[in-house]
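Below are the chains, spelled out letter by letter.
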Amino acid sequence: QVTLVESGGGFVQAGGSLRLSCAASGLNFGSIAMGWFRQAAGKEREFVAGISWSGVGTYLTDSVKGRFTVSRDNTKNMVFLQMNNLKPEDTAVYYCAADPGSDMLRPPQWYDVWGQGTQVTVSP
């Protein structure tokens, strides 16, 4: 089976930082694109970040550019989301996701393997 497990969420004040981690198993991690989504209470799921198999190709949604960094370590089968200067509007459940059919970045609808999510709460 394919499993993605997120960790690193928590409660932080505005301006603080968190580092989310995603551990993958049961797939060819080093050959597929990975991404991060988030879903705030009562809102639709949002594609936040993506990263190609090599780590060279990355995507960040406009609202987090300059604050978030997506990276991966294929030797450890892990992907990361470093979140700096957090804002209350970043509060959401964050999900790690995989696009098993591509080693390059594709639109968010192609991601069909998901982790369980980790809560990020940012206070004013």
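Everything discussed here concerns the structure shown above.
Summarised in this report is the structure supplied together with it. In this text the structure is predicted, and so the values were computed from the model without any measurement.

### Side note on the pattern of salt bridges
In total, this model carries six salt bridges according to the counting rule given. A salt bridge links Arg38 to Asp90, with the shortest nitrogen-to-oxygen separation between them at 3.0 Å. Taken together, the residues Arg38 in strand β4 (residues 33-39) and Asp90 in the loop between β8 (78-83) and β9 (92-99) connect sequence positions 52 residues apart. Under the relative-accessibility criterion, Asp90 is labelled buried at 1%. Between Arg106 and Asp99 there is a salt bridge, and its shortest N-O distance comes to 2.9 Å.

### Quick notes on the nonpolar core
Counting 29 residues, the largest nonpolar core has Leu4, Met34, Trp36, Phe68, Val79, Leu81 and Met83 as its most contacted members. Among the nonpolar cores identified, the runner-up in size contains six residues, and Phe37, Tyr95, Ala97 and Tyr111 belong to it.

### Topic: unusual backbone geometry
Even without being a glycine, Asn77 presents a positive backbone phi close to 55 degrees. Among the secondary structure elements, Asn77 is positioned in the loop between β7 (68-73) and β8. Asn77 gets classed as partly exposed once you look at its relative accessible area, which sits at 28%. One non-glycine residue, Asn85, lies in the positive phi region at around 50 degrees. Mapped onto the secondary structure, Asn85 falls in the loop between β8 and β9. The class of Asn85 is partly exposed, set by a relative accessible area of 43%.

### Digging into the environment of Glu46
Looking at the element boundaries, Glu46 is found in strand β5 (residues 46-51). Linking Glu46 and Tyr94, residues 48 residues apart in sequence, is a C-alpha distance of 9.4 Å. Not counting chain neighbours up to four residues away, the residues in contact with Glu46 comprise Trp36, Phe37, Arg38, Thr61 and Ser63.

### Some words on the sheet that holds strand β1 (residues 3-7)
Reading across from one edge, β1-β3-β8-β7 is the order of the four strands in this open sheet, with antiparallel pairing throughout. Edge positions in the sheet fall to β1 and β7, since each has one partner strand and no second. Strand-to-strand, the axes of this sheet are offset by a mean angle of 15 degrees, without reference to chain direction.

### Focus on the state of the cysteines
One pass over the structure, following the stated rule, counts one disulfide. Here Cys22 is linked by a disulfide to Cys96, with a sulfur-sulfur distance of 2.1 Å. Taking the sign of the S-S torsion, -80 degrees for the link of Cys22 and Cys96, the bridge is left-handed. Note that Cys22 is positioned in strand β3 (residues 18-25) and Cys96 in strand β9, a separation of 74 residues in sequence. Among the residues examined, Cys22 registers a relative accessible area of 0% and is labelled buried. Since its relative accessible area comes to 0%, Cys96 is described here as buried.

Procedures and definitions
- Residues numbered from 1 in each chain as written.
- Predicted model: local features only at pLDDT ≥ 70, side-chain atom pairs only at ≥ 80, totals over all residues.
- Heavy atoms only, no water.
- Salt bridge = Lys/Arg side-chain N within 4 Å of Asp/Glu carboxyl O.
- Helix = DSSP H or I, 4+ residues; strand = E, 2+ residues; numbered from the N terminus.
- Buried < 20%, exposed > 50% of the residue type's maximum accessible area, 1.4 Å probe, protein only.
- Core = buried A, V, L, I, M, F, W, Y, C linked by side-chain atoms within 4.5 Å.
- Contact = heavy atoms within 4.5 Å.
- Pairing = 2+ DSSP bridges.
- Axes fitted to C-alpha atoms, helices over the stretch in contact; angles between N-to-C directions.
- Disulfide = S-S within 2.5 Å.

So, to be careful, I would describe these as geometric facts and stop short of saying anything about function.
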